[in-house]
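Summary of the model geometry
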Amino acid sequence: MYKCALVLAAGQGKRIKSDIPKVLHKVCGKEMVNHVIDNMRNANIEDVNVIIGKGAELVKKETENRNVSYSLQEEQLGTGHAVKCAKGFLEGKDGVVAIFAGDAPLTKIETINNLMEEHILKKNSATLLSAYVEDPTGYGRIIRDGDEVVKIVEHKDCNEEELKVNEMNAAMYCFDIKDLLSSLEKLSNDNNQGEYYLTDVIGILKNEGKRIGAVVTDYEDTIGVNSRVQLAEAEEILRNRINEKHLNNGVTLIDPRTTYIGVDVKIGKDTIVYPNNIFEGNTVIAENCTILQGCRIKDSIIAKGVEIQSSVILESRIGENTTVGPFAYIRPESSIGKDARIGDFVEIKKSTIGDGTKVSHLTYIGDAEVGSGCNFGCGTVVVNYDGKTKNKTIIGDNSFIGCNTNLVSPVEVGDNTYIAAGSTITSKVEEGDLAIARAKQRNIKGWVEKKGLMK
Ligand code: UD1
Ligand code: CA
């Protein structure tokens, strides 16, 4: 059967008190709307249409790499009206449409699959997802007659009896596309909020004698984020789930409560993660790594056996068995080879560092290509910026760069070279040479005595 999905993402989200649209707030490093889109895709629904309105351009920008189509809801007149705005997307289609709110990022894939299967198996006109919750305040209530769902009533429209119902509407549904389209025409906004509710479609279809199904799931699955409190709740739930997944995959997290791992991060087994670490974006950490305390690693690839301590690594690669930190800063587009060492207070920017090279302390390397087997003395600076342009430095294999060297770019240093400590290198050092570029020392005999400074 043909399947497609609508993601409702046109509302501003007044209750979250933000200048940016609610659905762009992140949970575990990913925008809520992108969680929902990815959830649809993971449940094998390819054709996804996102309904945008408030901050439409922003939402489009943040979702455009996900290959979705868009419908525009210019005025936010309610969730039913939002779906109506996707008529162009739905018309002429025959099959099932899953409709999910863009502010509910925590739905498990198996729950979406269950909903879809139940809908198709029972040949329902509509199937909704619900959950029992202690305090259903704010949620739409599922009203049943015996076992059968007859309608959904929004919190603000509930009578006293209905307020007591603690089965809440998750705002996640499957609909027969044709039935949905015809019932949308019958929606009215005669309710407490003066909105066109998608939830009314259920009652409309029921009155027409159509078959309505319901799948009950855990509350956690369904949480919709309306406020910052709920955003923090969602973050904690997802963080726990992510951490548990890694623990079950054979990763040691010394303190999961202070370990923040993005949803798309991959970690190999027998890697040990100490407290206070943040891994973001598309980071991949291979097996047998030790990530000591206090690292932020974003969009980076860390090979097997690497040890990192109290360092920041952005959009870079670290080769096998290399050690990084404490207090190293590896900035985007850097690639460090294997068995290398990047030590304390070292900053590397947009540079490649060869295998086995040691940059142990207090050094800046920017816009450089460094070979393998090199040794950088303490306090080396690649002077890559002349105030106008960034220039390149090339250093060959097995070079020994003495302490406190300046390499004024553009400059080249050949293989197997030595640079004397304190040198300021401005021109090429040929292979096999020693370069000394500093004033020769001169001692003035008895100078202190002569000046009357002797103590
Ligand atoms: C909705 C449901 C409620 C359910 C709850 C679950 C309705 C009428 N109510 O209420 O039954 O219990 O979700 O979390 O559907 N949106 C638009 N256009 C609009 C209005 C909303 O695109 O005109 C989008 C929002 O961006 C949001 C989603 O729809 O992503 C849900 O809207 P929201 O206002 O949060 O609905 P709730 O009041 O939470
Ligand atoms: Ca909501």
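Residues numbered from 1 in each chain as written. Chains lettered and ligands numbered in written order. Predicted model: local features only at pLDDT ≥ 70, side-chain atom pairs only at ≥ 80, totals over all residues. Heavy atoms only, no water.

This part is about the environment of Asn321. Mapped onto the secondary structure, Asn321 falls in the loop between strand 23 (317–318) and strand 24 (323–324). Separated by 15 residues in sequence, Asn321 and Val306 have C-alpha atoms that sit 4.4 Å apart. Those residues in contact with Asn321 that sit more than four places away from it in its chain are Lys304, Gly305, Val306, Asp339 and Ala340. (Helix = DSSP H or I, 4+ residues; strand = E, 2+ residues; numbered from the N terminus. Contact = heavy atoms within 4.5 Å.)

Each protein donor to the calcium ion (ligand 2) is listed here as Asp103 (OD) and Asn226 (OD1); together their distances run 2.4 to 2.5 Å. Residue Asp103 is located in the loop between strand 6 (96–101) and helix 5 (109–121), and its partner Asn226 is located in the loop between helix 9 (219–222) and helix 10 (228–248); the two are separated by 123 residues in the primary sequence. For Asp103, a relative accessible area of 13% gives the class buried. For Asn226, a relative accessible area of 17% puts it in the buried group. (Donors = N, O, S within 2.8 Å, 3.2 Å for Na, K, Ca; no water. Buried < 20%, exposed > 50% of the residue type's maximum accessible area, 1.4 Å probe, protein only.)

A few words on the packing of aromatic side chains. Any two aromatic rings considered together are summarised by their centre-to-centre distance and by the angle between their planes. This structure, assessed with the given rule, holds four aromatic pairs. Aromatic pair Tyr139 and Tyr219: ring centres 6.1 Å apart, planes at 85°, arrangement edge-to-face. You can see Tyr139 sitting in the loop between strand 7 (126–132) and strand 8 (141–145) and its partner Tyr219 sitting in helix 9, a full 80 residues away along the chain. Using a relative accessible area of 25% as the deciding quantity, one classes Tyr219 as partly exposed. Lys84 extends its terminal NZ or CZ atom over the ring of Tyr196, reaching a point 5.9 Å from the ring centre. (Phe/Tyr/Trp six-rings, centres within 6.5 Å; stacked < 30°, edge-to-face > 60°. Lys NZ or Arg CZ within 6 Å of the ring centre and 35° of its normal.)

Turning our eyes to something else, we now look at the pattern of salt bridges. Counted by the stated rule, this structure contains 25 salt bridges. Notably, a salt bridge pairs Lys164 with Glu161, separated by 3.1 Å at the nearest N-O pair. Like Glu161, Lys164 is exposed. Between Lys298 and Asp299 there is a salt bridge whose closest N-O contact spans 3.7 Å. Salt bridges linked by common partners bring Lys30, Asp38, Arg66 and Asp264 together as one network. (Salt bridge = Lys/Arg side-chain N within 4 Å of Asp/Glu carboxyl O.)

The next subject is the domain arrangement of the protein. When its domains are assigned, the protein resolves into domain 1 (3–222) and domain 2 (250–435). Measuring from the centre of the C-alpha atoms in domain 1 to the corresponding centre in domain 2 gives 47 Å. (Domains from an automatic or database assignment.)

Counted residue by residue, helix 7 (residues 177–184) has six buried out of eight residues, so it is predominantly covered. Restricting attention to buried positions, one finds in helix 7 the residues Ile177, Asp179, Leu180, Leu181, Ser183 and Leu184. Elements that come into contact with the buried residues of helix 7 comprise strand 1 (3–9), helix 3 (79–84), helix 4 (87–90), strand 6, strand 10 (167–176) and helix 8 (200–207).

Turning our attention to unusual backbone geometry. The amide bond that connects Gly325 to the next residue, Pro326, takes the cis arrangement and shows omega of 5°. Mapping Pro326 onto the fold places it in the loop between strand 24 and strand 25 (329–330). Put simply, Ser409 and Pro410 share a cis peptide bond, and its omega is -5°. Mapped onto the elements of the fold, Pro410 is located in the loop between strand 35 (406–408) and strand 36 (411–413).

As a further point, take the sheet that holds strand 30 (residues 368–370). The strand order across the open sheet built from nine strands is 14-17-20-23-26-28-30-33-36, with neighbouring strands paired in parallel fashion. Here the strands that pair on one side only, and so sit at the sheet edges, are strand 14 (266–267) and strand 36. Across two bridges, strand 28 (residues 352–353) lies against strand 30 in parallel orientation. Across the sheet, the residue bridging to Ile353 is Val370, located in strand 30. (Pairing = 2+ DSSP bridges.)

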